[in-house]
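# Structural characterization, general
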Amino acid sequence: MSELRYLNLILGDQLDAESLLFDDFDSQRDRLWMAEVSAESTEYLSSKQRTVLFLSAMRHFAEQLKINSYPLIYWTLKDKKSSFPEALSATLKHNSFEKIRCVLPGDVRVINEIQQCAKGSDIEIEWLADQHFISEKGEFKAWLANRKQPRMEFWYRQLRKNRQILMENDQPIGGQWNFDKDNRKSFGKKGPSKLPAPLLFEADDITRQVTADVEKFLPNLYGNIKSFNWPVTRQQALEALKDFIKHRLKHFGDYQDAMWTDEPWLYHSRLSTCLNLKLLSPAEVIAAAETTYAKNEAPLNAVEGFIRQILGWREYVRGLYWSYRDDWLQMNALNARRNLPTLYWDAESEMACLHHSVKQVLDHGYGHHIQRLMVTGLFALLWGVKPKAIHEWYLGMYVDAVAWVEIPNTLGMSQYADGGIVGSKPYIASGAYIDRMSNYCQSCPFNPKQASGENACPFTTLYWHFVDQHQDLLSKNPRLGMQVKNWHNKSQEEQQAISQRAEFLFRNLP
Ligand SMILES: Cc1cc2nc3c(=O)[nH]c(=O)nc-3n(C[C@H](O)[C@H](O)[C@H](O)COP(=O)(O)OP(=O)(O)OC[C@H]3O[C@@H](n4cnc5c(N)ncnc54)[C@H](O)[C@@H]3O)c2cc1C
Ligand code: SF4
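Residues numbered from 1 in each chain as written. Chains lettered and ligands numbered in written order. Predicted model: local features only at pLDDT ≥ 70, side-chain atom pairs only at ≥ 80, totals over all residues. Heavy atoms only, no water.

## Some thoughts on the sheet that holds strand β2 (residues 31-35)
Strand pairing in a sheet relies on backbone hydrogen bonds. The paired strands run either parallel or antiparallel. Just so we agree on the cut-off: For two strands to be treated as a pair, DSSP must find no fewer than two bridges joining them. Here a helix means four or more residues in a row that DSSP labels H or I, a strand means two or more in a row labelled E, and each is numbered from the N terminus. Where helices are involved, their axes are fitted lines through C-alpha atoms of the stretch in contact, as for all axes, and angles between N-to-C directions lie from 0 to 180°. When checking whether two residues touch, look at their non-hydrogen atoms; a contact exists if any pair is within 4.5 Å.
Pairing in this open sheet of five strands is parallel, and the strands run β3-β2-β1-β4-β5 from one edge to the other. Since the sheet does not close on itself, it has two edges, and those belong to β3 (72-75) and β5 (124-128), each with one partner. Put simply, the sheet's adjacent strands are angled 25° from each other on average, direction ignored. One ladder, built from five bridges, connects strand β4 (residues 96-103) with β5; its direction is parallel. Along β5, the bridge assignment pairs I100 with I125. Its contacts with the sheet place helix α2 (residues 84-94) against β1 (3-9), β2, β3 and β4, and it is angled at close to 145° to β2. Running over the sheet, helix α3 (residues 108-120) touches β1, β4 and β5 and is turned about 150° from β5.

Below you can see the structure in the form of structure tokens.
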């Protein structure tokens, strides 16, 4: 067996033709390698939508590599390899390589698995830098080293200044860094009018074959596949970007936090899958938004609000994921101990907000940020779900979920399991918030204003229960401290009625 040079691994979320793997690729001496392995959907939860998205995008990427005459070793589900180590070992059995190379994966577990396998096969592995992001290697670490309490806002400002994004010399365009207060509109009683439908991508032959393979080799995955409509190629990703910029960006800011029954997309971009699979680069998405502002085709609150999500939050959570890489899954600052209620798997709930938000996840693998944070995430937080259980649900059920972005968002921002690394306080609210930002409560048997009694909204009951249970923590925060005072201002009978109702819910929700 003659020795080849590099075995270049491409994982499902590394579909980037510009990655460092291609820089010095030599078709005579090197090979590309991709693998569809069952454990990524069975041992680790992955819904139908998420699995089909990843595998379809991988097969489309592989097809492009073949068109461009790259030598590629590709294991499909039919080859029945259960894990990356199994598929990799099988390749190494039949071919001899000097070295394995792989762009640093976005999941510590996958790094460990591949590392172990390379060690077992006695072959060197080189991790290449992931150049897909805006911030460079070491940049976040250096920034974090000078902070007592990291906050996204200051990281975002630094990146804007250094990269001159929406800046006039050293000042933010429009004279302020942030237009958040303009960006919290709801749709009012009438609801959204004339929503511009996003470009949806029908399944082609490759996606249909993937779906058939998934049904055959990975039966029993959660969710529905009929409604699959995600972009799966670079070309489609570019079309999706163009469509968002042209039709929805202008209202992105205004209605960023609003929710509406049976309207999953509203003015959101649907670009997280393209970004996370690396079909689009964050730099090109930001540049497209900035150009739209420069051409006066979208207002500053929309463009800044959108850019902040990608340049700010996305880069920030990535930095934090790597800063606490081995610690995340042990975190449980609020000592949450309950199991995930069954409604998260079947959307069976009288609570209209949860029914619609979970149904959307089963049908599309999608919820926008506020549905994730203030409906599904909030309920799990108030319920006291074990952080690992809710993390596994988010990682497996959303099409855009990859550990580096899902973990800090779920365990940090949403569940406060990190004790305040990602955000300064738990994101808690009563049913009144959901009522203000959506029409869900209009079709719900519960009353968002009521905290006790049969008609009480479970969010409102559990909100006060949470305030009661975590008084010490909440008192340290000025805004939440007020709520602790409000809890104490309630009569003893009222407090008792709320506690009884909370106990009733804990006993009766499956
Ligand atoms: C509990 C929880 C779990 C989440 N899990 C994921 C996840 O697994 N994968 C993921 O990409 N995002 C995750 N997010 C962040 C956010 O909800 C999604 O990025 C967004 O809803 C994707 O839809 P969109 O592309 O239409 O986004 P838009 O609303 O159009 O936003 C534009 C882009 O900004 C980026 N973005 C926005 N908010 C965040 C954020 N908080 N962190 C990182 N990037 C952000 C995304 O790339 C997104 O595509 C999570 C948020 C919460 C609260
Ligand atoms: S009343 Fe409560 S449970 Fe019902 S939709 Fe409103 S917030 Fe959700």
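Once you've had a look at it, read on.
## Considerations on the site of ligand 1
The following threshold applies: One heavy atom within 4 Å of a molecule or strand is enough for the residue carrying it to be called near that molecule or strand. Nitrogen and oxygen atoms within 3.5 Å of one another constitute a polar contact, given that in protein one can donate a hydrogen and the other can accept it, and given that sequence-neighbouring residues count only through two side-chain atoms. Exposure was quantified through the Shrake-Rupley algorithm and a 1.4 Å probe, taking into account, for residues, occlusion by the shown protein chains and nothing else. When residue character is reported, Ala, Val, Leu, Ile, Met, Phe, Trp, Tyr, Cys and Pro are called nonpolar, Asp, Glu, Lys and Arg charged, and the others, Gly included, polar.
Within the structure, ligand 1 sits among 29 residues, and H268, S269, R270, N276 and Y366 are positioned closest to it. At 3.0 Å, a backbone N or O of D400 approaches a nitrogen atom of ligand 1. Measuring from a nitrogen atom of ligand 1, one finds a side-chain N or O atom of N409 at 2.9 Å. For ligand 1, whose unbound accessible area comes to 820 Å², protein coverage reaches 99%. Secondary structure elements with two or more residues in the shell around ligand 1: α9 (272-277), α11 (300-323), α14 (369-383) and α16 (403-414). Class assignment for the residues of the shell around ligand 1 results in 13 nonpolar, eleven polar and five charged.

## Quick look at helix α21 (residues 492-508)
Because an α-helix completes one turn every 3.6 residues, residues spaced three or four positions apart along the sequence face the same direction. As a reminder, the rule being used: Between the first and last residue of a helix there are one fewer steps than residues, each counted as 1.5 Å, and that sum is the expected span. Each residue gets one of three labels from its accessible area relative to the maximum for its type: buried under 20%, exposed over 50%, partly exposed in between, using a 1.4 Å probe on protein chains only. The directions considered for the arc run from the helix axis to the C-beta atoms.
With 17 residues, α21 ought to run about 24 Å at 1.5 Å a step, and its terminal C-alpha atoms sit 24 Å apart, in line with that. Among the residues making up α21, those that are buried are Q495, I498, R501, A502, L505 and F506. In an axial view of α21, the angular spread of the buried residues amounts to 140°, which keeps them on one side of the axis. Of the residues in α21, the exposed ones pointing more than 90 degrees away from the buried face are Q492, E493, Q496, Q500 and R507. Where α21 is buried, its residues touch α14, α18 (458-469) and α20 (478-489).

## Comments concerning the domain arrangement of the protein
Applicable threshold: Domain delimitation in this document rests on an assignment produced automatically or drawn from a domain database. A 1.4 Å probe defines the accessible area here, and the buried area is the portion of it lost by two parts on being joined, summed over both. Put simply, a salt bridge is a Lys or Arg side-chain nitrogen that is within 4 Å of an Asp or Glu carboxyl oxygen.
The assigned domain composition of the protein is domain 1 (3-128), domain 2 (139-198 + 229-323) and domain 3 (330-508). Both faces combined, the contact of domain 1 with domain 3 buries some 910 Å², and carbon together with sulfur accounts for 59% of it. Along the contact surface separating domain 1 from domain 3 lie zero salt bridges. Run the count over domain 1 and domain 3 and you get five residue pairs in polar contact (both at pLDDT 80 or more).

## With respect to the side chain of S47
Structurally, S47 is set in the loop between β2 and α1 (48-67). Beyond its immediate chain neighbours, meaning those up to four positions away, S47 contacts L221, Y222, G396 and M397.

## A short note on the site of ligand 2
What surrounds ligand 2 is the set M351, C353, G431, I434, Y440, C441, C444, F446, P448, C457 and F459. Here the residues of the shell around ligand 2 sort into ten nonpolar, one polar and no charged.

## Description of the packing of aromatic side chains
We count it as follows: For this analysis, a ring pair means two rings from Phe, Tyr or Trp (six-membered ring only for Trp) whose centres lie within 6.5 Å, classed as stacked if their planes differ by under 30 degrees, edge-to-face if by over 60, and tilted for the remaining angles. Lysine NZ or arginine CZ positioned within 6 Å of the ring centre and within 35 degrees of the ring normal marks a charge as sitting over the ring.
Considering all chains together, one arrives at 30 aromatic pairs under this definition. Judged by centre distance (5.3 Å) and plane angle (75°), the rings of F22 and Y70 are edge-to-face. Residue F22 is found in the loop between β1 and β2, and its partner Y70 is found in the loop between α1 and β3; the two are separated by 48 residues along the sequence. Of the residues examined, F22 reaches a relative accessible area of 12% and is grouped as buried. A relative accessible area of 24% means that Y70 is categorised as partly exposed. On the numbers, 4.8 Å between centres and 40° between planes, the contact of F244 with F306 is tilted. Pair noted here: F244 is in helix α7 (residues 234-247) and F306 is in helix α11, with a separation of 62 residues, a long-range link. Grouping aromatic residues by their ring pairs yields a cluster made of F140, W143, W155, W313 and Y316. Across from the ring centre of W230, 4.4 Å away, lies the NZ or CZ of R270, which sits over that ring. The ring centre of F506 lies 3.6 Å from the NZ or CZ of R338, which sits over that ring.

## A short note on the packing of α7 against helix α10 (residues 282-294)
Heads up, the condition is: Just so you know how the angles are binned, under 35 degrees is roughly parallel, over 145 roughly antiparallel, 65 to 115 roughly perpendicular, and the rest oblique. Whether a crossing is left-handed or right-handed is set by the direction in which the near helix is turned from the far one by less than a right angle, anticlockwise for left-handed and clockwise for right-handed.
As a packed pair, α7 and α10 sit with axes 10 Å apart at the nearest point and diverge in direction by 30°. As the angle between them shows, α7 and α10 are arranged roughly parallel. By crossing handedness, the relation of α7 to α10 is classed as right-handed. Residues R234, L238, L241 and I245 of α7 form the contact with α10, whose participating residues are E284, V285, A288, A289 and T292.

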